[in-house]
Structure formats: C-alpha cells, structure tokens
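Next come the chains, spelled out residue by residue.
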Amino acid sequence: MEETFCISEIDREIFARIDGKSYKKNCPVPLSDLRYLKLLHKNLSGETKAGEMICNVQIAAALINIFEKLFAKNYPIEKIRLIDEYDADDELSMRDNNSSCFNFRYVSHTTEISAHGYGLAVDINPLYNPYIKFVDGKKIIEPATAADFEDREKIFPYKIDENDLCYKLFTEHEFSWGGNWLGKKDYQHFFIERKY
C-alpha cells in the first residue's frame, strides 16, 4: 500500500468530504489547524487495513507514532474511517466500531464543545469501549448497542484497560483516558486538554 502513515494538510478534495458534516460553519478550528492522516491497522483477524483520520495539527505527529506502534504489534482495530462516512453521526460511527478523531460536535447532553470538536480526542474501538454516564438519574450508554461491554471484568476482544497497549501508548504521549474519570466512564476516549 502506498503512502502509509503520512500527514497532509486538508486539501480541496478532503474538504469536500467533510464540509457540512464533521466540519460545520461554526467550527472554531481553522482548516489550517487540521491534518489528514493515512494509517495502516490490523483487524481482529490480523488482516492489514488502510485507515484515514483527521486531527488537530497539535497531535498529528503523536498519532502517527502511536498508530505505527500499534500496527507493528498487531494491535486489533476494526475500522479507522472518517466519521463523515456516517454523516458525522457519532452514534452510528460508534455502533460500527469505527475509530475516529475530529468531528465538530458537542458533548452529548450538554452545550460544551467536545474535544473531538477541536480534533484533540481519539475514540478507539468504541463499540467495545462504551461511554457510560448518568443524565437526570438515568444511565446512558453510548453507543446504545454496547450494553454487553459495560462490565469491564468480562473478557472480550478490543477491550481497553490500563494493561492495554493502546492505553500505554496514548498515555505515554500525554493523552488522558476517559476510563479514569470518576462518576462517568469513557473507555474509548483518549484526549489532550488544550483549548482554543
């Protein structure tokens, strides 16, 4: 496969794919601060797959390094597609176990811009590593199809915990992990706390 593990600016062709989807008019991040990544990854069967991701320039080099190491160690990631293939619908992307980064949106059930909205967060194998929180006393699991993976004592593929290579590589690059949050858990979510 040609041009793997590379970083480029957002050109017209890529912008046409994200305009009005992950990149909305009120996005606070200028296009010049975003980067397009080409990646390789292995699926659970060990097959090599091509992936693509858009992120903030601040984390682009770190992500290339992380994904190169994950690939070298045959770490299983089912899909890495632009969330625009799901019309920027985070729930649909998560249900399809798609790993992604940039998507201008708000934290669910809030008016706060998500770290994804700045291109500073990455969700890995989200179906198996759900976001679990309580809203008005009601438990919310995202994606809604991930209830079987709420119990982190169970053994299942793609699970991220503190012994996991993915966790170790992201935290070595100064990312925080949503699985360490108190009161809510976001096991798929690695992020950098930098704002505009």
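Just above sits the structure.
Everything numeric in this text was worked out from a predicted model, so none of it was measured.

Criteria and thresholds
- Residues numbered from 1 in each chain as written.
- Predicted model: local features only at pLDDT ≥ 70, side-chain atom pairs only at ≥ 80, totals over all residues.
- Heavy atoms only, no water.
- Phe/Tyr/Trp six-rings, centres within 6.5 Å; stacked < 30°, edge-to-face > 60°.
- Helix = DSSP H or I, 4+ residues; strand = E, 2+ residues; numbered from the N terminus.
- Buried < 20%, exposed > 50% of the residue type's maximum accessible area, 1.4 Å probe, protein only.
- Lys NZ or Arg CZ within 6 Å of the ring centre and 35° of its normal.
- Salt bridge = Lys/Arg side-chain N within 4 Å of Asp/Glu carboxyl O.
- Pairing = 2+ DSSP bridges.
- Axes fitted to C-alpha atoms, helices over the stretch in contact; angles between N-to-C directions.
- Contact = heavy atoms within 4.5 Å.
- Polar contact = N/O pair within 3.5 Å; in protein donor to acceptor, adjacent residues only side chain to side chain.

**Quick look at the packing of aromatic side chains**
Aromatic ring pairs are defined here through the distance separating the ring centres and the angle between the ring planes.
Piece 1. Scanning all chains against the criterion turns up 15 aromatic pairs.
Piece 2. When the centroid spacing of 4.9 Å and the interplanar angle of 45° are considered together, the rings of tyrosine 128 and tyrosine 158 count as tilted. Taken as a pair, tyrosine 128 in the loop between strand E6 (121-123) and strand E7 (131-135) and tyrosine 158 in the loop between strand E8 (138-142) and helix H4 (165-172) lie far apart in primary sequence, 30 residues in all.
Piece 3. By relative accessible area, which is 16% here, tyrosine 128 ends up buried.
Piece 4. Joined through ring pairs, the aromatic side chains of Phe67, Tyr167, Phe170, Phe175, Trp177, Tyr187 and Phe190 make up one cluster.
Piece 5. Taking NZ or CZ as reference, lysine 159 lies 5.6 Å from the ring centre of phenylalanine 156, over its face.

**With respect to the pattern of salt bridges**
Piece 1. Scanning the entire structure with this criterion turns up eight salt bridges.
Piece 2. For arginine 17, the salt bridge is made with glutamate 85, and the minimal N-O distance between the two is 3.9 Å. With arginine 17 in helix H1 (residues 12-18) and glutamate 85 in the loop between strand E4 (79-80) and helix H3 (90-95), this pair connects stretches of sequence that are 68 residues apart.
Piece 3. Residue arginine 17 is classed as partly exposed on the basis of its relative accessible area, which comes to 30%.

**Focus: the sheet that holds strand E3 (residues 48-56)**
Piece 1. The strand order across the open sheet formed by three strands is E1-E2-E3, and the pairing between neighbours is antiparallel. The sheet terminates laterally at strand E1 (6-9) and E3, the two strands that pair on one side only. Strand-to-strand, the axes of this sheet are offset by a mean angle of 25°, without reference to chain direction.
Piece 2. By the bridge criterion, four bridges tie E1 to strand E2 (residues 34-42) in an arrangement that is antiparallel. Paired with serine 8 across the bridge in E2 is tyrosine 36.
Piece 3. Where helix H2 (residues 57-72) meets the sheet, its contacts fall on E1, E2 and E3, and the angle it forms with E2 comes to roughly 5°.

**Observations concerning H4**
Piece 1. Restricting attention to buried positions, one finds in H4 the residues Cys166, Tyr167, Leu169 and Phe170.
Piece 2. Backbone nitrogen of cysteine 166 and a side-chain oxygen of the N-cap are separated by 3.1 Å at the start of H4; the cap is aspartate 164.
Piece 3. Remark: glutamate 174 follows H4 within two positions and exhibits a positive phi of approximately 70°.

**Let's talk about the sheet that holds E8**
Piece 1. Read from one edge to the other, the open sheet built from three strands follows the order E8-E7-E10, with strand pairing classed as antiparallel. Where the open sheet ends on each side, the last strands, each with one partner, are E8 and strand E10 (185-186).

**Considerations on the side chain of serine 93**
Piece 1. Within the secondary structure, serine 93 sits in helix H3.
Piece 2. For serine 93, a relative accessible area of 1% translates into the label buried.
Piece 3. Once residues lying within four places of it in the same chain are set aside, the contact partners of serine 93 are Ile83, Tyr86, Asn98 and Ser100.

**Thoughts on unusual backbone geometry**
Piece 1. The step from glutamate 142 to proline 143 runs through a cis peptide bond, and the omega angle for that step is 0°.
Piece 2. Summarising the element assignment, proline 143 is placed in the loop between E8 and H4.
Piece 3. Even without being a glycine, asparagine 74 presents a positive backbone phi close to 60°.
Piece 4. Along the chain, the position of asparagine 74 falls in the loop between H2 and E4.
Piece 5. We note that alanine 88 has phi near 60°; this positive angle belongs to a residue other than glycine.
Piece 6. By the element assignment, alanine 88 lies in the loop between E4 and H3.

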